[in-house]
Amino acid sequence: MRMPAGKPVTSTWCERCGEALPAGGHAACAAARPLEPPRYCRWCRRRMKVQVLPAGWSATCVEHGRLDGAP
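Residues numbered from 1 in each chain as written. Predicted model: local features only at pLDDT ≥ 70, side-chain atom pairs only at ≥ 80, totals over all residues. Heavy atoms only, no water.

1. Observations concerning the overall build of the chain
- Helix and strand content of the chain: one helix and three strands.
- Moving toward the C terminus, one meets the helices and strands of the chain in the order α-β-β-β.
- Here the chain, with 71 residues, has 30% of them falling under the buried criterion.
- In the chain, of all internal contacts separated by at least 6 residues, the share reaching a separation of at least 24 is 31%.
- Surface summary for the chain: the accessible area is close to 4700 Å², and the carbon and sulfur share equals 56%. (Helix = DSSP H or I, 4+ residues; strand = E, 2+ residues; numbered from the N terminus. Buried < 20%, exposed > 50% of the residue type's maximum accessible area, 1.4 Å probe, protein only. Contact = heavy atoms within 4.5 Å. Areas by Shrake-Rupley, 256 points an atom, 1.4 Å probe, with all protein chains shown as cover.)

2. Re the environment of Trp43
- Looking at where Trp43 falls in the secondary structure, it is placed in the loop between helix H1 (27-32) and strand S1 (49-53).
- Residues Trp43 and His64, 21 residues apart in the sequence, show an inter-C-alpha distance of 8.3 Å.

3. Some thoughts on the confidence of the model for the chain
- Per-residue confidence for the chain averages 85 on the pLDDT scale, and 86% of its residues sit at or above 70.
- Here strand S3 (residues 65-69) is the element of the chain with the lowest mean pLDDT, 89, and S1 is the one with the highest, 95. (pLDDT = per-residue confidence, 0-100.)

4. Remarks on the pattern of salt bridges
- Counted according to the given criterion, the structure contains six salt bridges.
- The salt bridge involving Arg42 is made with Glu15; its shortest N-O contact spans 2.7 Å. Here the residue Arg42 occupies a position in the loop between H1 and S1, and Glu15 occupies one in the segment before H1, the gap between them amounting to 27 residues.
- For Glu15, a relative accessible area of 14% translates into the label buried.
- Close ionic contact of Glu19 with Arg45 constitutes a salt bridge, the shortest N to O distance being 3.4 Å. With Glu19 in the segment before H1 and Arg45 in the loop between H1 and S1, the pair connects residues that are 26 residues apart, well separated along the chain.
- Overall, the relative accessible area of 43% leaves Glu19 in the partly exposed class.
- Because the salt bridges share partners, they merge into one network encompassing Glu15, Arg33 and Arg42. (Salt bridge = Lys/Arg side-chain N within 4 Å of Asp/Glu carboxyl O.)

As structure tokens, then:
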């Protein structure tokens, strides 16, 4: 995934629910995250296009590009 220019490397938004990470309350999201692909971009909070296949998954943000993962 491409990093946004001039932005911090750390995530700002939850990849599962899309809410701000500093707000807290993401224990359920952290537990579920290894089992499913991200739904929201961690840098811009846009909803991503997700494709799940038996061999893995891909999630694409229109601003930051594609992220691939394995099951």
